[in-house]
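Observations on the three-dimensional arrangement
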Amino acid sequence: MKKFLFSFVVLAVTLMFCPKSQAFEPWGVGIYNETKEPADYAIPNATLGSKTGTASCKTVLGIVNWGDCSIQAAMKDGKISKVTAADWEKKFIIVYGVKTLRVYGN
């Protein structure tokens with residue numbers, strides 16, 4: 001049992017430091033990461049708009065992933081019909097991470 005547990009810990013640490021083997025986007029290597037950045041979507045003449053909606057996804061070591069962080073989910077949350085801008089907020093603490101899409105619009 002000790003060999004199995006040791007092997008599991010070694011595998012988990014290896015996956016944490018090897019982004020290519022993670023099923024979900026790696027949110028940083030280390031103990032803590034909290035970042036905000038613009039979304040990858042190019043929106044010409046972006047303005048924030050009067051409404052905000054969010055949608056989140058969660059991960060454990062990039063191995064177990066769940067949630068809906070789609071634009072449609074964020075639009076539904078904020079009752080937005082036209083998206084004018086979008087940002088990502090990522091937080092990763094040791095083995096658990098949350099990635100939130102924040103959309104702005106009218």
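Predicted model, so just to flag it, every value in this text is computed and none were measured. (Residues numbered from 1 in each chain as written. Predicted model: local features only at pLDDT ≥ 70, side-chain atom pairs only at ≥ 80, totals over all residues. Heavy atoms only, no water.)

**Details of the environment of Gly53**
Examined against the element boundaries, Gly53 turns out to sit in strand S2 (residues 51-60). Take Gly53: its relative accessible area is 1%, and that puts it in the buried class. As for Gly53 and Ala86, which are separated by 33 residues in sequence, their C-alpha atoms are 9.5 Å apart. Every residue in contact with Gly53, bar those within four places of it in the chain, is listed here: Ala74, Asp77, Gly78, Ile80, Leu101, Arg102 and Val103. (Helix = DSSP H or I, 4+ residues; strand = E, 2+ residues; numbered from the N terminus. Buried < 20%, exposed > 50% of the residue type's maximum accessible area, 1.4 Å probe, protein only. Contact = heavy atoms within 4.5 Å.)

**Some details on the packing of aromatic side chains**
Under the definition given, this model contains one aromatic pair. Between Trp66 and Tyr96, the aromatic rings sit 6.5 Å apart at their centres with planes inclined by 40°, giving tilted as the arrangement. Note that Trp66 is positioned in strand S3 (residues 64-67) and Tyr96 in strand S5 (residues 96-105), a separation of 30 residues in sequence. Here the basic side chain of Lys99 rests over the ring of Trp88, its NZ or CZ set 4.2 Å away from the ring centre. (Phe/Tyr/Trp six-rings, centres within 6.5 Å; stacked < 30°, edge-to-face > 60°. Lys NZ or Arg CZ within 6 Å of the ring centre and 35° of its normal.)

**Structural notes on the state of the cysteines**
Tallying each qualifying case throughout the model produces one disulfide. The disulfide partner of Cys57 is Cys69, and the gap between their sulfur atoms is 2.2 Å. Here the S-S torsion is close to -100°, and the disulfide linking Cys57 with Cys69 is therefore left-handed. On the criterion of sequence distance, the pair formed by Cys57 in strand S2 and Cys69 in the loop between S3 and helix H2 (71-78) is long-range, its members being twelve residues apart. Per residue, the accessibility class of Cys57 equals that of Cys69, and both read buried. (Disulfide = S-S within 2.5 Å.)

**With respect to the sheet that holds strand S4 (residues 83-93)**
The sheet built from five strands is open, its strands ordered S1-S4-S5-S2-S3 with antiparallel pairing. Looking at strand neighbours, the two that pair on one side only are strand S1 (32-38) and S3, the edges of this open sheet. Across the sheet, the mean angle from the axis of one strand to that of its neighbour is 15°, orientation sign disregarded. The pairing of S2 with S3 spans four bridges and is classified as antiparallel. Residue pairing across strands places Lys58 opposite Trp66, the latter belonging to S3. Together, S2, S4 and S5 form the strand contacts of H2, whose direction differs from that of S2 by roughly 135°. (Pairing = 2+ DSSP bridges. Axes fitted to C-alpha atoms, helices over the stretch in contact; angles between N-to-C directions.)

Shape is all these values report; function is a separate question.
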